[in-house]
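Geometric and topological summary
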Amino acid sequence: MEVRTRFAPSPTGFMHLGGVRTALYAYLFAKQNNGKFILRIEDTDQERYVDGAVEVIYDTLRACGLNWDEGPDIGGPVGPYVQSERKATYLPYAQQLVRSGHAYYCFCSKEEIEARREAVEAAGGTWKYDKHCLHLTPEQVEEKLAAGIPWTIRMNAPTEGETSYHDTVFGDMTFQNAEAMDDMVLIKQDGMPTYNFANVIDDHLMGITHVMRGMEYLSSTPRYNYLYTALGWDIPEYIHLPTVMRDATHKLSKRDGDAYYSDYIDKGYLTEALINYLALVGWNPGDEREFFTLPELVEAFDVHRLNKSPGIFDVNKLTWFNAEYIRRMDPARYLELATPWFDQALAGKNIDYRRLAELMQERTEIFNQVPGMVRFLAELPDYDVELYTHKKMKTNPEVAKTALTLCKPVLEAIAPEDWNEQVLHDRLMEAIAASGMKNGAVLWPLRIAISGQASTPGGAMEIAYLLGKEETLRRLDAGMEKLEAQA
Ligand code: GLU
C-alpha cells in the first residue's frame, strides 16, 4: 500500500508555524515511505477567503523544500485539489447519507435556530442542534425543496454509545457520542461542504492513508469516523500533532508577531534553520543529533517518537540554530544575504561589503540585527567619554588623549592608496612599540574614537580600513576634541 499524506491548509493569507510543522511532518512521513505528499487547498469557507493566500502557501512550502507530488498547480490523478473546485463532488455523498438515514435535510433558518438556542441556554442547558428537521417525512422534504426553501444537510449523529479509535501519537481515544457528536452541517446553504464533511470525502477520494493534522481535531474525529463508516469506507490512520506553543500557557500569536512563517523570515531567520528547529519541536531523533538537512530528516524522522505534550517553540533556541547555520554558511552566500541588511544602514556609503561580511558572519545571529551592528560605519554614534576607560587595557580619557595624539600623524602619513589593513597594522604597531605604550592602551581608544562604541565587528585597523582615511581622521579629530572638552 502506497503511503499518501496531505497538507490541507485553509487559505487565510499566512502560514502559521504550526502549519509549517504539520506540512513538514506529513512530507517527511510520505517521503521516508516512498509515498506521496499531497497539497489540498481547503477554501470552502468563502467568508474567510483571502486574495493571494494560495500563493503564500505555495511560496512557503517551496521555500521550505516541501515539494508536493500532487496539488492544485501540478494536478494529479485525484484532482482537482482545491475544494471549491470540487463543490459538485460532495452533494451526492451527502444525499447517499440522507438515503441511508445518516443525514437529513434541515430547513431551519438561522433565526429559528438562534431563538431555540437562546431558550436552551436561558434554561441553563448547552445548545446542540435539536434534530428538529429529522422528523420531516420524505414528502415534507420534497415539498420544501420544491418550494425553494434554503436547506442544509446535517449529520444524524448518534446520541448514545461511544466511539473509540487509535491515534499514533495520543494512543487509544474514547469519546462519548452524546458529547463528541452533534448534528453538524455537512452541506451549507451555499452548497459548499463544511470542513467537517469535505475532509472525510476528500481524504477518502484522494486515497489518503495517514491523516496528520493538529490535535484540535482529536475530539471531532469520532464524527469523521461515523461518516467513514456510514459510507462504507476505511478509516485512515490518524497522527494528530500537539500544538506549537510559545510556552506552557501561551500560543504563538499574530499579535506578538511570532506565529507566522513570514514573521521569522522577515526578521532574517533562515528557512533551513527554521525547518531544522521546527522538526525538533515535538519530535526528537532519540540521540544527540541536532543538525539536520531536509533529506537527513527524511531518514531520521519517526512518527513513533512524536511527543504528545505541546511543542514549545523557544525562539532563543531558534536563534541559536540560526547563528550556527549562518556561521557554517559559505561566505559568498553570507555576503549575498547580508547585503540588503547592510544597505539598510550603509546605502550610499563607500564601504567594502566583502570585508565587512567577513567580519560580521561570525557575529550574526539574526539578520535583522545587522543594520544596528554596522550603522556606526555610516555615522559616528554620540558616545560617552567614559568609553575610553578600560581597566584591563589600562586606559582612561587621559591615556586616550596621548594615544590619539600618537595615532594621528601615523595615520595622516599613510597615502590613500596604501590605506589597507596590513599597512595600518604595520605603521600603528611600529609607532606603538616606539612609544613604549601598551597595544591595548592605544588601540582601545583608537577604536572607540572611530566607532563610538564598545563592541564592534573587527578591531581598530579593520574599522579604520572600512571607514577610509578621510572619515577615520575626521572621527579621530572629533575624539580628541571630545577628550579636550572633558578635561
Ligand atoms: N483546513 C484545515 C486547517 O487549516 C486542515 C485540517 C486538516 O488537516 O484536516 O486547519
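Refer to the structure printed above.
Because the structure is predicted, anything quoted here is derived from the model rather than measured.

What counts, and at which threshold
- Sequence order sets the numbering: in each chain, residues are counted from 1 along the sequence as written.
- For this predicted model, a pLDDT threshold of at least 70 governs which residues receive local features, and a threshold of 80 or more governs which side-chain atom pairs are given and counted, while totals over whole chains, interfaces and linings are taken from all residues.
- Note: side-chain values were computed over all heavy atoms of the structure, leaving out hydrogens and water.
- Each salt bridge in this description consists of a side-chain nitrogen of Lys or Arg and a carboxyl oxygen of Asp or Glu lying within 4 Å of one another.
- Strands here mean DSSP runs of E at least two residues long; helices mean DSSP runs of H or I at least four residues long; both are numbered from the N terminus.
- Computed over the protein atoms alone on a 1 Å grid, cavities are sets of points where a 1.4 Å probe fits but cannot get out and pockets are open sets with protein on both sides within 12 Å along at least five of seven lines; a residue lines them when it has an atom within 4 Å of a point.
- Grid points are joined across faces, edges and corners, and a volume is the space filled by probe spheres set on the points.
- Residue type decides the class: Asp, Glu, Lys and Arg count as charged, Ala, Val, Leu, Ile, Met, Phe, Trp, Tyr, Cys and Pro as nonpolar, and the leftover types, Gly among them, as polar.
- The term nonpolar core refers to a set of buried residues drawn from Ala, Val, Leu, Ile, Met, Phe, Trp, Tyr and Cys, joined through side-chain atoms within 4.5 Å.
- For each residue, the accessible area found with a 1.4 Å probe, counting protein chains only, is set against the maximum for its type, and the residue is called buried under 20%, exposed over 50%, and partly exposed in between.
- Comment: axis = line fitted to C-alpha atoms, over the contacting stretch for helices; angle = value between 0 and 180 degrees taken between N-to-C directions.
- Working definition: roughly parallel below 35 degrees, roughly antiparallel above 145 degrees, roughly perpendicular at 65 to 115 degrees, and oblique for all remaining angles.
- Whether a crossing is left-handed or right-handed is set by the direction in which the near helix is turned from the far one by less than a right angle, anticlockwise for left-handed and clockwise for right-handed.
- Contacts between residues were defined by any pair of non-hydrogen atoms, one from each residue, lying within 4.5 Å.
- For a helix, the expected span equals 1.5 Å multiplied by the residue count minus one.
- Contacts described as polar in this section are N or O atom pairs within 3.5 Å, which, within protein, must combine one atom able to donate a hydrogen with one able to accept it, while residues neighboring in sequence count only if both atoms come from side chains.
- Note on definitions. A residue lies near a molecule or strand when any single heavy atom of the residue is within 4 Å of it.

Observations concerning the pattern of salt bridges
A side chain with one charge can pair with a side chain of the opposite charge if their charged atoms come near. Using the criterion set out here, one finds 30 salt bridges in the structure. Across the salt bridge formed by Arg-40 and Asp-203, the nearest N and O atoms sit 2.8 Å from each other. Of this pair, Arg-40 sits in the loop between strand E2 (36–39) and helix H2 (53–63) while Asp-203 sits in helix H7 (residues 195–205), placing them 163 residues apart in sequence. Here Asp-287 ties to Arg-289 by a salt bridge, and the two come within 3.4 Å at their closest N and O atoms. Residues joined by salt bridges that share partners form a network here, namely Arg-6, Arg-40, Glu-42, Arg-86, Asp-202 and Asp-203.

Remarks on the layout of surface pockets
If a probe as big as a water molecule is rolled over the atoms, it shows which places are left empty. The calculated volume of the largest pocket comes to roughly 990 Å³. Residue lining of the largest pocket: 34 residues in total, with Ser-10, His-16, Gly-19, Glu-216 and Tyr-217 positioned closest to the centre. Elements that contribute at least two residues to the lining of the largest pocket include exactly strand E1 (4–7), helix H1 (17–32) and strand E8 (210–214). It is H1 that provides the largest number of residues to the lining of the largest pocket, a total of four residues. Of the residues in the lining of the largest pocket, the class split is 14 nonpolar, eleven polar and nine charged. Space inside the second largest pocket adds up to approximately 450 Å³. Forming the walls of the second largest pocket are 15 residues, and the residues nearest its centre are Lys-110, Thr-152, Val-185, Lys-188 and Gln-189.

Here's the deal with the nonpolar core
Counting 148 residues, the largest nonpolar core has Leu-186, Phe-313, Tyr-334, Phe-342, Leu-346, Leu-377 and Leu-411 as its most contacted members. Counting residues per element, this core draws most heavily on H1, which supplies ten residues. The next biggest cluster of nonpolar side chains, apart from the first, holds seven residues, and it includes Cys-106, Ile-113, Trp-127 and Tyr-129.

Some points on empty space enclosed by the protein
Using the criterion set out here, one finds one cavity of 30 Å³ or more in the structure. Each pocket or cavity is described by its volume, and for the largest cavity that value is around 40 Å³. If you go around the largest cavity, the residues you meet are Ser-10, Pro-11, Thr-12, Glu-42, Asp-43, Asp-45, Arg-48 and Tyr-49. Split into classes, the residues belonging to the lining of the largest cavity amount to two nonpolar, two polar and four charged.

Quick look at the packing of helix H17 (residues 421–435) against helix H18 (residues 439–451)
It is the contact of H17 with H18, at a shortest axis distance of 10 Å, that shows an interaxial angle of 130 degrees. Accordingly, the angle class assigned to the pair H17 and H18 is oblique. Both H17 and H18 take part in a crossing whose hand is right-handed. Taking contact as the criterion, the partners of Leu-428, Met-429 and Ile-432 in H17 are, on H18, Asn-439, Val-442, Leu-443 and Leu-446.

Thoughts on the packing of H18 against helix H20 (residues 469–486)
It is at 8 Å that the axes of H18 and H20 come closest, and there the two elements cross at 105 degrees. Taken together, the axes of H18 and H20 are roughly perpendicular relative to one another. Residues Leu-446, Ala-449, Ile-450 and Ser-451 of H18 pack against Thr-472, Arg-475 and Leu-476 of H20.

Some thoughts on H17
In this model, H17 (15 residues) spans 21 Å end to end at C-alpha, consistent with the 21 Å of a helix rising 1.5 Å per residue. Check the buried side of H17 and you find it contacts helix H14 (353–361), helix H16 (397–412), H18 and helix H19 (460–467). Regarding H17, its N-cap is Asn-420, as a side-chain oxygen of that residue lies 3.1 Å from the backbone nitrogen of Gln-422 further along. Just past H17, the residue Gly-436 takes up positive phi, approximately 80 degrees.

Quick look at unusual backbone geometry
Looking along the chain, the bond that leaves Gly-79 and enters Pro-80 is cis, with omega of -5 degrees. Even without a glycine there, the phi angle at Asn-34 is positive, about 50 degrees. Note on placement: Asn-34 falls in the loop between H1 and E2. Accessibility expressed as a relative area gives 70% for Asn-34, which makes it exposed. Positive phi outside glycine occurs at Lys-131, with the angle close to 60 degrees. Among the structural elements, Lys-131 can be located in the loop between helix H4 (110–122) and helix H5 (138–146). Classification of Lys-131 as buried rests on a relative accessible area of 14%.

Some remarks on the site of the ligand
Around the ligand, the surrounding shell consists of Arg-6, Ala-8, Pro-9, Ser-10, Glu-42, Tyr-195, Arg-213 and Tyr-217. Tyr-195 places a side-chain nitrogen or oxygen 2.4 Å from an oxygen atom of the ligand.

Considerations on the side chain of Thr-364
Examined against the element boundaries, Thr-364 turns out to sit in the loop between H14 and helix H15 (370–374). A relative accessible area of 0% means that Thr-364 is categorised as buried. Of note is the side chain of Thr-364, whose polar atom sits 2.6 Å from the side chain of Tyr-334. For Thr-364, the side chain forms a polar contact with the main-chain oxygen of Met-360, separated by 2.7 Å.

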